[in-house]
Amino acid sequence: MSWFVPLLLVLLTIPLVVALLRANELFALRWRAGKLRVVRGRIPQALLGDIRDVLRDAGAPPTELRGVVEDGRTALRATTRDLPNHVNQRLRNTISLWPVAKIRNAAKRR
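Residues numbered from 1 in each chain as written. Predicted model: local features only at pLDDT ≥ 70, side-chain atom pairs only at ≥ 80, totals over all residues. Heavy atoms only, no water.

Student: Now, about the pairing of strand β2 (residues 35–41): what can you tell me, with residues and values included?
Tutor: The pairing of strand β1 (residues 25–32) with β2 spans six bridges and is classified as antiparallel. When the sheet's bridge partners are listed, A28 is paired in β2 with R40. Linking two consecutive strands that pair antiparallel, namely β1 and β2, is a turn of two residues; a positive phi of about 50 degrees is found at A33 within it. (Pairing = 2+ DSSP bridges. Helix = DSSP H or I, 4+ residues; strand = E, 2+ residues; numbered from the N terminus.)

Student: So what's going on with the packing of helix α2 (residues 45–58) against helix α3 (residues 85–96)? Residues and values would help.
Tutor: Between α2 and α3, whose axes approach to 10 Å, the crossing angle comes to 165 degrees. By the criterion of interaxial angle, the relationship of α2 to α3 is roughly antiparallel. Crossing handedness for the pair α2 and α3: right-handed. Contacts between α2 and α3 pair L47, D50, I51, V54, L55, D57 and A58 from the former with V87, R90, L91, T94 and I95 from the latter. A breakdown of the residues in the contact of α2 with α3 according to their chemical character gives eight nonpolar, one polar and three charged. (Axes fitted to C-alpha atoms, helices over the stretch in contact; angles between N-to-C directions. Parallel < 35°, antiparallel > 145°, perpendicular 65-115°, else oblique. Left-handed = near helix turned anticlockwise from the far one by under 90°. Contact = heavy atoms within 4.5 Å. Nonpolar A, V, L, I, M, F, W, Y, C, P; charged D, E, K, R; others polar.)

Below, the structure is given as structure tokens:
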């Protein structure tokens with residue numbers, strides 16, 4: 001019985017931790033087999049197409065990308081370190097053209 005209360009506290013804090021980690025997230029994307037899919041959030045169709053073009057042209061490996069707000073700007077975070085530096089740079093250049101407000105006001109993808 002002594003382990004029940006700590007276990008309950010841990011289980012109750014997990015959703016809070018996840019929510020805090022995603023508080024600055026604008027969108028999450030998954031790149032697999034040449035297809036880019038919106039996992040969460042909002043992203044303008046034109047930006048989605050630009051990111052798809054960069055990944056396709058580079059022959060990028062499967063990865064997940066998160067668009068997050070950092071210092072009032074949009075930044076992309078990849079879950080894999082396999083993306084070459086020139087691909088990361090092209091993605092940074094692409095996302096830098098889009099203000100946070102335009103991304104937040106995009107229609108939600110389903």
